[in-house]
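# Overview (structure and organization)
If you want the building blocks of each chain, they are given just below.
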Amino acid sequence: MQFPDFYHQIPPISLRDPLAELLGATVGGVIRYDFTDAVKLAGHACPTVAGAWLATVRGLRALYGDEMPVRGDISVALHENVEDGVAGVIASIATLLTGAAGAGGFKGLGGRFGRRQLLNFGIAGVGGIRLTRRDNGRSADCIVQLQRVPGDPRLGELLPAVVQGIATPQQAALFAALWQDRLRRILVDHAEHPELVDIRLARADTATGI
């Protein structure tokens, strides 16, 4: 399996999962995720996947600071309904990193470690992805503004032929290269730009919604 070289320039994130620790899955329950894990989950890499990765990673960093985030102790909320647009794709990346799941999630073990109903859609007042620490109620709304890193204009010109399967090999190769170049600029060149992911923190006594 070979990924574009720049994927390996994207910093990974480590979280501690108490359930993984209890069951001996990893030493200390520490699990490291790379962007390639998100690509494997989604089966592709696109601006939506890149934006969801950045939003979740930067949101967790904002909520935990120098602490290691606790996987399974974070709830996730989106304003969109699950069937709207790319909400499901965004949520799947957030679930990968946080453990938060919907109705089909893990029920728990001995009344602990449950992940079910920690992922919710259609929540009023949420901007982007809302991550909430369950231990202290602090939340972060993480709003991705991908328009700040536009794609090459040639992508729009090539897209119809690529989607219809009538692009020449040269056109298809160019499309893929330009597509990945935008992802590189999002995830490497501009990953830390404050305007690419707008983080809005709220205390437990001011947060609304889930």
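Above this note sits the structure.
No experiment lies behind these values; they were computed from the predicted model shown. (Residues numbered from 1 in each chain as written. Predicted model: local features only at pLDDT ≥ 70, side-chain atom pairs only at ≥ 80, totals over all residues. Heavy atoms only, no water.)

## Observations regarding the packing of aromatic side chains
Per the counting criterion, the structure on display carries five aromatic pairs. Measuring from centroid to centroid gives 5.8 Å for F35 and W53, while their planes differ by 80°, and the two rings are edge-to-face. Placement of the pair is F35 in helix 2 (residues 35–42) and W53 in helix 3 (residues 47–64), with a sequence separation of 18 residues. For the pair formed by F35 and W53, the shared burial category is buried. (Phe/Tyr/Trp six-rings, centres within 6.5 Å; stacked < 30°, edge-to-face > 60°. Helix = DSSP H or I, 4+ residues; strand = E, 2+ residues; numbered from the N terminus. Buried < 20%, exposed > 50% of the residue type's maximum accessible area, 1.4 Å probe, protein only.)

## Thoughts on the pattern of salt bridges
Here the structure, examined in full by the defined rule, presents 14 salt bridges. Salt-bridge contacts for R185 lead to D181; the nearest nitrogen and oxygen are separated by 3.2 Å. Here the residue R185 and the residue D181 both occupy positions in helix 6 (residues 169–189), the gap between them amounting to four residues, near one helical turn. D189 is paired through a salt bridge with R184; the nearest N and O atoms lie 2.7 Å apart. On the basis of relative accessibility, which here comes to 27%, the residue R184 falls in the partly exposed class. Through salt bridges with shared partners, one network takes in D181, R184, R185 and D189. (Salt bridge = Lys/Arg side-chain N within 4 Å of Asp/Glu carboxyl O.)

## Things to note about unusual backbone geometry
Even without a glycine there, the phi angle at F113 is positive, about 70°. By the element assignment, F113 lies in the loop between helix 4 (87–98) and strand 4 (119–120). Relative accessible area serves as the criterion here: at 14%, F113 is assigned to the buried category. A positive phi angle is found at Q117, which is not glycine, with a value near 65°. You can call Q117 partly exposed: its relative accessible area is 48%.

## Some points on a nonpolar patch on the surface
Taken together, the side chains of L22, L23, F106 and L109 make up a nonpolar region of the molecular surface, amounting to roughly 380 Å² of accessible area. Tracing the sequence through the fold places F106 in the loop between helix 4 and strand 4. In this structure F106 comes out as partly exposed when scored by relative accessible area, which is 37%. (Patch = residues over 30% accessible without salt bridge, like charges linked within 9 Å, V, L, I, M, F, W, Y side chains within 5 Å. Areas by Shrake-Rupley, 256 points an atom, 1.4 Å probe, with all protein chains shown as cover.)

## Quick notes on the environment of L131
Residue placement: L131 occurs in strand 5 (residues 129–133). The exposure class of L131 is buried, given its relative accessible area of 0%. Each C-alpha atom, one on L131 and one on G65, is 14 Å from the other, the two residues being 66 residues apart in sequence. In this structure, L131 is in contact with T56, G59, L60, L63, I74, S75, V76, T98, R138, S139, A140 and C142, ignoring residues within four places of it in sequence. (Contact = heavy atoms within 4.5 Å.)

## Remarks on the layout of surface pockets
When its volume is computed, the largest pocket comes out at roughly 190 Å³. Around the largest pocket, the lining is made up of 14 residues, and of these I90, G128, I129, C142 and V144 lie nearest the centre. Mapped by element, the contributors of at least two residues to the lining of the largest pocket are helix 3 and strand 6 (139–144). Split into classes, the residues belonging to the lining of the largest pocket amount to nine nonpolar, four polar and one charged. By volume, the second largest pocket amounts to about 160 Å³. (1 Å grid on protein atoms, 1.4 Å probe; cavity = no way out; pocket = protein on both sides within 12 Å on 5 of 7 lines; lining within 4 Å. Points joined across faces, edges and corners; volume = space filled by probe spheres on them. Nonpolar A, V, L, I, M, F, W, Y, C, P; charged D, E, K, R; others polar.)

## A look at the nonpolar core
One finds F35 and W53 to be the most contacted residues of the largest nonpolar core, which totals 50 residues. The greatest single-element share of this core, amounting to 10 residues, is contributed by helix 3. Ignoring sequence-local partners within four residues, the contact set of F35 consists of Y7, I10, A45, V49, A50, W53 and L187. (Core = buried A, V, L, I, M, F, W, Y, C linked by side-chain atoms within 4.5 Å.)

## Quick look at the sheet that holds strand 7 (residues 197–202)
Adjacent strands of a sheet pair through backbone hydrogen bonds, lying either parallel or antiparallel. The mixed open sheet is built from five strands, whose spatial order is 4-3-5-6-7. Strand pairing shows two members of the sheet lacking a second neighbour, strand 4 and strand 7, which therefore form its edges. Sheet analysis places strand 3 (residues 74–78) next to strand 4, joined by two bridges and oriented parallel. Within strand 4, the position partnered with V76 by the bridge is L119. Contacts between helix 3 and the sheet are confined to strand 3, strand 5, strand 6 and strand 7, with strand 5 contributing the most and set at about 30° to the helix. (Pairing = 2+ DSSP bridges. Axes fitted to C-alpha atoms, helices over the stretch in contact; angles between N-to-C directions.)

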